[in-house]
Amino acid sequence: MRMTVLSFPKGEERFADLIAQSRARLQSLLPGVGFADHVWDSTALAKSAADRTQLVYFTARGSTDTPLPPGFAGGIKIWLLQNDCTASRMNQRVFAARWLWSAIAERLGSDAGAKFRWSDLRHADLLRAEQLMIEVGLAPSTRNKTSVTLGDLARTMSMLELAPPITYSPITPRFRDSNNHSVENPESRGTGVLTTAAQHAL
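Note that the structure is predicted; figures quoted are calculated from it, not measured. (Residues numbered from 1 in each chain as written. Predicted model: local features only at pLDDT ≥ 70, side-chain atom pairs only at ≥ 80, totals over all residues. Heavy atoms only, no water.)

Draft legend 1. The nonpolar core, seen in detail. Counting 50 residues, the largest nonpolar core has W40, F72, I76, W118 and L121 as its most contacted members. Those elements that place two or more of their residues in this core are α1 (11-29), α2 (70-80), α3 (87-108), α5 (123-136) and α6 (140-159). With twelve residues, the single largest contributor to this core is α3. (Core = buried A, V, L, I, M, F, W, Y, C linked by side-chain atoms within 4.5 Å. Buried < 20%, exposed > 50% of the residue type's maximum accessible area, 1.4 Å probe, protein only. Helix = DSSP H or I, 4+ residues; strand = E, 2+ residues; numbered from the N terminus.)

Quick look at the structure:
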């Protein structure tokens, strides 16, 4: 499957190299799971038996059977596999990515998948993703954590030389837990993070 051609110098080659590295990484973590599949069974990465089956859907927001465009999904998979990742963390990151794609697709209009380039990622895309969360009434804690996660995605893609430098600060104030501790990392605590089932419903 041919991935998105990037406008950065040697971008296509760089993207292909990272895809190859990520494929190998995936096979070491989840043998038998296809990199290009739009559903990954990440149960083997679950932290406890209580997590049960953990499916990661690389699909459009609100769907479990409409795959995200290959170029966008490929970048998200590279991001997931850069570091050790639990099953629940994968789902939290893909949950954030779905909101980002909704914002990008809105900007690009018809045939957004073919038009998309990581090199064209914009601060406005992250802002619009958070605005969409506000419009549908997501809890402030979820909005903040998801937006912080998108900021991490943007930093990673820039570090990998796939996207321009973007620094994003959520417009939703940082959530504080019952002990008045600020939650810097959206994946560091379960409070305020939607369950996998709830993520798939949005």
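Let us keep going from here.
Draft legend 2. Examining the pattern of salt bridges more closely. For the structure shown, the criterion picks out six salt bridges. One salt bridge in this structure joins R128 and E106, with 2.6 Å as the shortest N-O distance. Linking R128 in helix α5 with E106 in helix α3, this pair joins segments that are 22 residues apart in sequence. The salt bridge involving D120 is made with R122; its shortest N-O contact spans 3.2 Å. According to the relative accessible area criterion, R122 is partly exposed, its value standing at 40%. When salt bridges with common partners are traced through the structure, they connect R107, D120, R122 and D125 into a single cluster. (Salt bridge = Lys/Arg side-chain N within 4 Å of Asp/Glu carboxyl O.)

Draft legend 3. Summary view of the side chain of T86. Within the secondary structure layout, T86 lies in the loop between α2 and α3. In this structure the side chain of T86 is engaged in a polar contact, spanning 3.4 Å, whose partner is the side chain of S88. Setting aside its immediate chain neighbours within four residues, T86 contacts L45 and K47. (Polar contact = N/O pair within 3.5 Å; in protein donor to acceptor, adjacent residues only side chain to side chain. Contact = heavy atoms within 4.5 Å.)

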